[in-house]
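Single-letter residue listing:
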Amino acid sequence: MNRFFPTAIALLAAVILQAAIVPYLAVSRVVPNVVFLVVVTLALVEGPAAGCASGFVGGLLFDLLGSGVVGPYALVLTVIGYVAGLMQANMFAEGWLLPVSVVAVASLATEISYGIILAIVGAGQPFWAGLLTVMLPGALYNTVLAVLVYPWLARLLRRDRTVKSFRRLA
Amino acid sequence: MKRLEFDTSPSTGRPVLLVVLVIASLLVTTLWYREGTDGPIHVLRRGVIAASEPFLIVGTWVSAPFRAVGNWASGASTDRSAYEALQKQNLELKQQLAALQEAKLQYYRINALVDFVKVQDLKSVGARVIGRPTDSWSGTIVVDRGTAKGVKIGDPVIAAGGLVGQVIEVSPLASKVRLITDPNSGVSVIVQRTRVNGVVRGSLDGSLHLDFVDKAKKPIRGDVLVTSGLGGVYPKEIVVGEVTDVSSPQADLYPDVAVASRVAIDRIEEVLVLLDQQTPASLPGGGE
């Protein structure tokens with residue numbers, strides 16, 4: 001229960017950042033996704049249950065912020081949060097490389113799954129156009145952002161475990 | 001270097017929670033499609049727009065210096081040839097403007113005589129852009145005017161250079177606008193020179209394309225596209241953009257026509273919302 005409030009605050013802060021600040025960080029219309037980063041970080045430090053619960057809430061809020069169908073991103077982040085959470089036991093053994101790799105794979109999986117769901121519900125775009133203009137660049141941007149913020153974000157969200165920074169790794 | 005060892009202990013995940021939340025997500029999606037615009041999820045979205053407005057204003061304020069630096073940096077890269085080309089274009093536009101003003105005066109005189117068409121008296125409200133697209137899949141902005149100023153769903157939004165988009169969500173103090181560059185946007189237009197109809201569509205990369213134009217009547221580079229007024233969504237004769245490239249692959253039914261908006265949509269800061277327009281029964285794809 002005592003972890004509920006930091007988790008809720010982190011998600012709320014991520015949604016506010018996503019609405020107010022992150023759009024100005026867009027590069028060639030590709031907007032990074034801090035809600036995704038917080039959900040995956042929570043999953044990696046807290047496990048699959050927290051991962052899928054925060055994925056559902058974060059995804060739903062992300063859907064509500066946008067202009068499209070409400071629900072698809074909640075579905076994707078629920079599953080991604082759960083799967084990323086299954087890696088929890090293996091985190092922090094080898095510093096930042098493993099979690100950032102998980103973020104990279106999860107980010108690409110999230111973007112592709114979201115594109116497929118949009119196509120299924122009839123709100124999507126041609127897959128290859130989406131892959132080149134949104135999915136791959138988006139996943140790359142999220143990964144770069146994860147390299148920059150993951151160690152600090154993970155340390156903030158869970159203080160009772162050591163998170164290696166780049167300096168220690170070097 | 002330490003050896004990487006994965007934990008092979010049984011998973012601590014709770015598939016039951018996963019299944020419940022997946023079902024909940026699917027139910028939300030279904031409900032979104034089934035409910036009307038006054039359904040709980042639509043109301044919740046309007047609540048989110050209203051609740052996020054103060055944060056959006058703060059975000060706009062915080063990012064202003066960085067945007068100014070970005071605009072300056074993008075302008076600093078303008079080279080001599082681009083400057084000369086712009087000067088030449090400016091001269092041409094001034095000549096065109098003079099010709100158009102003469103044509104406009106002539107039009108008004110003839111119109112007054114035959115009384116065919118009444119001049120539209122458009123009522124509008126100025127608005128500042130306070131929110132940009134929050135994801136890469138859509139093209140929407142948030143403006144700081146809502147139902148308190150008479151803004152309704154379906155109202156067209158314009159800027160000095162032409163059409164910007166259409167209001168798709170409103171709260172008392174803010175509105176969400178689907179840009180014409182949004183992949184789900186479609187605007188019924190006519191080619192000003194030939195009066196041929198078509199539809200301008202947005203795309204994921206923000207470019208505009210003119211669809212459904214007969215190959216035999218394909219436009220040429222420089223043709224201006226204006227709203228057709230069909231469907232009653234947008235008033236007639238609002239400039240949407242101009243043709244920048246035309247190609248006509250043999251296998252395709254329609255020519256591939258690239259269009260550029262005259263509005264710097266990605267950097268737009270102020271807009272006009274046209275009030276008291278006809279509200280369509282529904283907004284399929286967010287456009288006409």
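A brief structural summary.

Definitions and cut-offs
- Note on numbering: residues in each chain are counted from 1, in written sequence order.
- Just so you know, chain letters begin at A and ligand numbers begin at 1, following the order they were written in.
- Side-chain atom pairs in this predicted model are given and counted only at pLDDT of 80 or more, local residue features only at pLDDT of at least 70, and totals for whole chains, interfaces and linings cover all residues.
- Computation of side-chain values: all heavy atoms of the structure, hydrogens and water removed.
- Each residue gets one of three labels from its accessible area relative to the maximum for its type: buried under 20%, exposed over 50%, partly exposed in between, using a 1.4 Å probe on protein chains only.
- Working definition: helices are DSSP H or I runs of at least four residues, strands are E runs of at least two. Numbering for both runs from the N terminus.
- The rule for pairing is simple: two strands pair if DSSP sees at least two bridges between them.
- To get an axis, a line is fitted to the C-alpha atoms, and for a helix only the part in contact is used. The angle between two axes follows their N-to-C directions and goes from 0 to 180 degrees.
- In this analysis, two residues are considered to be in contact whenever any of their non-hydrogen atoms come within 4.5 Å of each other.
- Buried area: the accessible surface (1.4 Å probe) lost by two parts on joining, summed over both.
- For this document, the term salt bridge refers to a Lys or Arg side-chain nitrogen within 4 Å of an Asp or Glu carboxyl oxygen.
- For this analysis, a polar contact is any N or O atom pair within 3.5 Å, provided that within protein one partner can donate a hydrogen and the other can accept it, and provided that sequence-adjacent residues contribute only side-chain to side-chain pairs.
- Gly is put with the polar residues, along with every residue not named as nonpolar or charged; the nonpolar set is Ala, Val, Leu, Ile, Met, Phe, Trp, Tyr, Cys and Pro, and the charged set is Asp, Glu, Lys and Arg.

1. A few points about the pairing of strand β5 (residues 175-179) of chain B
Residues and elements named next belong to chain B.
Stage number 1. Judged by how many residues are buried, β5 sits mostly within the fold: five of five residues are covered.
Stage number 2. Residues Ser 175, Val 177 and Leu 179 of β5 are buried on one face, and the alternating residues Lys 176 and Arg 178, pointing to the opposite face, are buried as well.
Stage number 3. As defined by bridge partners, strand β2 (residues 140-143) adjoins β5 across four bridges and the pair is classed as antiparallel. Each bridged residue has a counterpart across the sheet, and for Thr 140 the counterpart in β5 is Arg 178.
Stage number 4. Pairing geometry for strand β4 (residues 162-170) and β5, over five bridges, is antiparallel. Its bridge partner lying in β5, Gln 166 is registered against Arg 178.

2. Focus on the sheet that holds strand β1 (residues 123-131) of chain B
Stage number 1. Pairing in this closed barrel of six strands is antiparallel, and the strands run β1-β2-β5-β4-β3-β12 (chain B) around the ring. Direction aside, the axes of adjacent strands within the sheet are offset by 45 degrees on average.

3. Focus: the interface of chain B and chain A
Stage number 1. Taken together, the 55 residues of chain B in the interface contact 53 residues of chain A.
Stage number 2. Around 4600 Å² of area is buried between chain B and chain A when both sides are counted, 66% of it from carbon and sulfur atoms.
Stage number 3. Of all residues in chain B, Arg45(B), Thr134(B) and Trp137(B) give up the largest surface area on contact with chain A, accounting jointly for 17% of the area buried on that side.
Stage number 4. Here chain B is connected to chain A by one salt bridge.
Stage number 5. A salt bridge links Arg29(A) to Asp266(B), with the shortest nitrogen-to-oxygen separation between them at 2.9 Å.
Stage number 6. At the boundary of chain B and chain A, one finds 13 residue pairs in polar contact (both at pLDDT 80 or more).
Stage number 7. Breaking the side of chain B that touches chain A down by element, the ones donating at least two residues are α1 (15-34), α2 (40-76) and β5 of chain B.
Stage number 8. It is α1(B) that contributes the most residues to the side of chain B that touches chain A, 12 residues altogether.
Stage number 9. Grouping the amino acids of the side of chain B that touches chain A by side-chain chemistry returns 25 nonpolar, 16 polar and 14 charged.

4. A short note on the pattern of salt bridges
All names here are of chain B.
Stage number 1. Under the criterion given, the structure shown has 10 salt bridges over all chains.
Stage number 2. Residue Arg 145 is joined to Asp 144 by a salt bridge in which the shortest nitrogen-to-oxygen separation is 3.7 Å.
Stage number 3. Here Arg 145 falls in the partly exposed class, since its relative accessible area comes to 25%.
Stage number 4. Note that Arg 201 is salt-bridged to Asp 211, the shortest N-O span being 3.5 Å. In this pair, Arg 201 sits in strand β7 (residues 197-201) while Asp 211 sits in strand β8 (residues 208-211), placing the two residues 10 residues apart along the sequence.
Stage number 5. For Arg 201, a relative accessible area of 33% gives the class partly exposed.

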